[in-house]
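Chains, contacts and geometry: an overview
Residues per chain, in single letters:
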Amino acid sequence: MSPKPQTTSGAAAAKSSKRTMYALMVAIDRYMPPVPALRGCVNDRNAFKEYLERQFANSKEIDLKIVTLTDQEATKQGVVKGFSHFEKAKDGDICLFFYCGHGSQSPAPKEFWHLDPDGMNESMVCYDSRNGAMDLMDKELSYLIWEATQKKDVHFISIFDCCHSGTITRNATLTPRQAPASHFPTRFTDYVGHESYKVNVVEGLNQASPPRGRYIQLAACKEQETAKETQINGQPRGIFTFNLVQVLEQSGGDLTYNELQQILQLRVGNSVRDQLPQLVSTEPKDKDQRFLGGAMPPKEPGYLIQFDKGKWMMNAGSVQGIPAQGGEIE
């Protein structure tokens, strides 16, 4: 007797057609001494996490899978292991890495001096950094993202609310999310994934470069600036993430990364000095992709209104039937 052909129910078929968003969301307020504590990182992560959960709670298109690491869970080993969350991602899926905590710098071994003329890495400060563990270096993040994306067509977005985040792959009292630079020397062989780095010999010196996957990065500030946190609505919050969630809520998330960066630069710039959000992508054209690769559920049309340089501005124009001239809001 031949076996019956297997059939898939309509519900199962619909479920199998879903894309998955894998989110790894790290927040550290309490560090091991001597790294100073922060107050708003967990609040920021939770606000962004809750925003995502609201958007995709009833989605027929996206299956949201979130892993969180908080304070003592976010050791360097814990964060590196957390990247295994992205292993199941397949073509068409979305990967999101969100980090909120201290950023810093750390001495770069000579193999990286061609990439870092000042001899310093940008780094992400983990819970146990400066206590037997290195910071998580920008080169290591590059490797981890490459490992998560190699041989896959996934949309990978990383978001950093920390200092020195512009190239890393919080007065109101303002508190900078910046730990003192590490003075602990590191060796090339200490770096996660160093076996996969490309090494060239130039004038007798080894020059190493980490592999790079395809990704988009949204950062709270320039490389030399500080990301700041303060009291907002009675709660410690980071100025960058607070505005990020507000803009996404008000726009329905229907923005390109370029548009999102421009709005955040205006909003953060109107709130604090010397903090300019940055956008980086390995493929320049990806900056014109919509947030989360266009995965946001459709919303009723609306317009963002913001105050800049003494004028109210609205992101609408002739496409929406609004004349370009004489459109200022009284």
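Predicted, not measured: the structure shown is a model, and the values here were computed from it.

Before going further, it helps to spend a moment on the nonpolar core. Within the largest apolar cluster, 39 residues are counted, with the highest numbers of intra-cluster contacts made by F48, I159, L260, F291 and L292. Elements with a minimum of two residues in this core: β1 (19-27), α2 (41-56), β3 (94-100), β7 (155-161), β11 (216-219), α5 (239-251) and α6 (257-271). If you tally residues by element for this core, the top one is α2, at six residues. Once residues lying within four places of it in the same chain are set aside, the contact partners of L260 are L218, L244, V247, L248, L255 and F291. By size, the runner-up hydrophobic cluster in this structure holds 38 residues, among which are A89, F112, F160 and Y215.

Below, the discussion takes up the confidence of the model for the chain. A low pLDDT score tells you not to read the predicted coordinates there in detail. For the chain, per-residue confidence averages 86 on the pLDDT scale, and residues scoring 70 or more make up 82% of the total. Predicted confidence for residues 1-15 stays below pLDDT 50, and this span has one contact to residues more than four positions away or in other chains. Note on residues 326-330: pLDDT under 50 across the span, and four contacts to partners over four residues away in sequence or across chains.

Considering all chains together, one arrives at zero disulfides under this definition. The thiol sulfur of C221 is not disulfide-bonded, and the nearest other cysteine sulfur, from C163, lies at 5.5 Å. Of the residues examined, C221 reaches a relative accessible area of 0% and is grouped as buried.

Let us look at the packing of α2 against α5. Angle between the axes and distance between the axes are the two parameters that describe a pair of packed helices. At a minimum axis separation of 9 Å, α2 and α5 run at an interaxial angle of 15 degrees. On the basis of their axis angle, the class for α2 and α5 is roughly parallel. Note that α2 runs across α5; the crossing there is left-handed. Residues D44, A47, F48, Y51, R54 and Q55 of α2 form the contact with α5, whose own contacting residues are T241, F242, V245, L248 and E249. The class makeup of the residues in the contact of α2 with α5 is six nonpolar, two polar and three charged.

Taking 1.5 Å per residue, 13 residues should reach 18 Å; α5 reaches 18 Å between its end C-alpha atoms and fits that length. Of all 13 residues making up α5, ten are buried, and the element is well covered by its neighbours. When we look at burial in α5, the residues that qualify are I239, F240, T241, F242, N243, L244, V245, V247, L248 and S251. Following α5 by one or two positions, G252 has its phi on the positive side, about 75 degrees.

What counts and what doesn't
Residues numbered from 1 in each chain as written. Predicted model: local features only at pLDDT ≥ 70, side-chain atom pairs only at ≥ 80, totals over all residues. Heavy atoms only, no water. Core = buried A, V, L, I, M, F, W, Y, C linked by side-chain atoms within 4.5 Å. Buried < 20%, exposed > 50% of the residue type's maximum accessible area, 1.4 Å probe, protein only. Helix = DSSP H or I, 4+ residues; strand = E, 2+ residues; numbered from the N terminus. Contact = heavy atoms within 4.5 Å. pLDDT = per-residue confidence, 0-100. Disulfide = S-S within 2.5 Å. Axes fitted to C-alpha atoms, helices over the stretch in contact; angles between N-to-C directions. Parallel < 35°, antiparallel > 145°, perpendicular 65-115°, else oblique. Left-handed = near helix turned anticlockwise from the far one by under 90°. Nonpolar A, V, L, I, M, F, W, Y, C, P; charged D, E, K, R; others polar. Expected span 1.5 Å × (residues − 1).

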